[in-house]
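A closer look at the structure
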Amino acid sequence: VQLQASGGGLVQAGGSLRLSCVASGSIFGHNIMGWSRQAPGKQRELVASITSGGSTYYADSVKNRFTISRDNAKNTEYLQMNSLKPEDTALYYCHLKQLLRSGPLDSWGQGTQVTVSS
């Protein structure tokens, strides 16, 4: 499975962006799609995830500002980011974890840059 992320860019604080990630290839069974980010000099952190059944997780730092969603028919996930802050500036990666009988299979996209100016 290959993941292609898009939608990053430069936005002023308080603005919004919508990230998209399309998965090409076959996705089997129960899986979890998500977004992580990595700022310069910092560790990569999980921002949000959503299971194939629709259960979601958000990091405390983005709760009530970011919304993750997915369209299973299109193998696509989205991250709607509102009320953006300069500390949200990072390279955002989409990822997919397929829970196969043989074990978990992880796939990562190439990253899309989000820059929030103050």
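Scope of this entry: the structure provided in the associated data block. Every value quoted in this text rests on a predicted model; they were computed, and no experiment measured them.

The rules we used
- Residues numbered from 1 in each chain as written.
- Predicted model: local features only at pLDDT ≥ 70, side-chain atom pairs only at ≥ 80, totals over all residues.
- Heavy atoms only, no water.
- Salt bridge = Lys/Arg side-chain N within 4 Å of Asp/Glu carboxyl O.
- Buried < 20%, exposed > 50% of the residue type's maximum accessible area, 1.4 Å probe, protein only.
- Phe/Tyr/Trp six-rings, centres within 6.5 Å; stacked < 30°, edge-to-face > 60°.
- Helix = DSSP H or I, 4+ residues; strand = E, 2+ residues; numbered from the N terminus.
- Lys NZ or Arg CZ within 6 Å of the ring centre and 35° of its normal.
- Pairing = 2+ DSSP bridges.
- Axes fitted to C-alpha atoms, helices over the stretch in contact; angles between N-to-C directions.

**Re the pattern of salt bridges**
Pairing is possible between side chains that carry opposite charge, provided their charged atoms lie close to one another. Per the stated rule, a full pass over the model turns up 5 salt bridges. The salt bridge involving Asp60 is made with Lys63; its shortest N-O contact spans 3.1 Å. Taking relative accessible area as the criterion, Asp60 reaches 66% and is therefore assigned exposed. By sharing partners, the salt bridges in this structure join Arg37, Glu45, Arg65 and Asp88 into a single network.

**Overview of the packing of aromatic side chains**
Enumeration according to the criterion identifies 1 aromatic pair in this entry. Relative to Trp108, the ring of Tyr93 has its centre 6.4 Å away and its plane inclined at 75°; by these criteria the two rings are edge-to-face. Taken together, the residues span a long stretch of sequence, with Tyr93 in strand β9 (residues 90-100) and Trp108 in strand β10 (residues 103-108) at a distance of 15 residues. When its relative accessible area of 42% is taken as the criterion, Trp108 is described as partly exposed. In this structure, Arg18 packs its charged tip against the face of Tyr78, placed 4.1 Å from the ring centre.

**Some words on the sheet that holds strand β7 (residues 66-71)**
Across a sheet, strands are paired by hydrogen bonds formed along the backbone, either parallel or antiparallel in direction. Within the open sheet, the 4 strands sit side by side as β1-β3-β8-β7. Their pairing is antiparallel. At either end of the open sheet lies a strand with only one pairing partner, and these are β1 (2-6) and β7. Averaged over all neighbouring strand pairs, the angle between strand axes comes to 15°, with direction disregarded. Pairing geometry for β7 and strand β8 (residues 76-81), over 6 bridges, is antiparallel. Across the sheet, the residue bridging to Ile68 is Leu79, located in β8.

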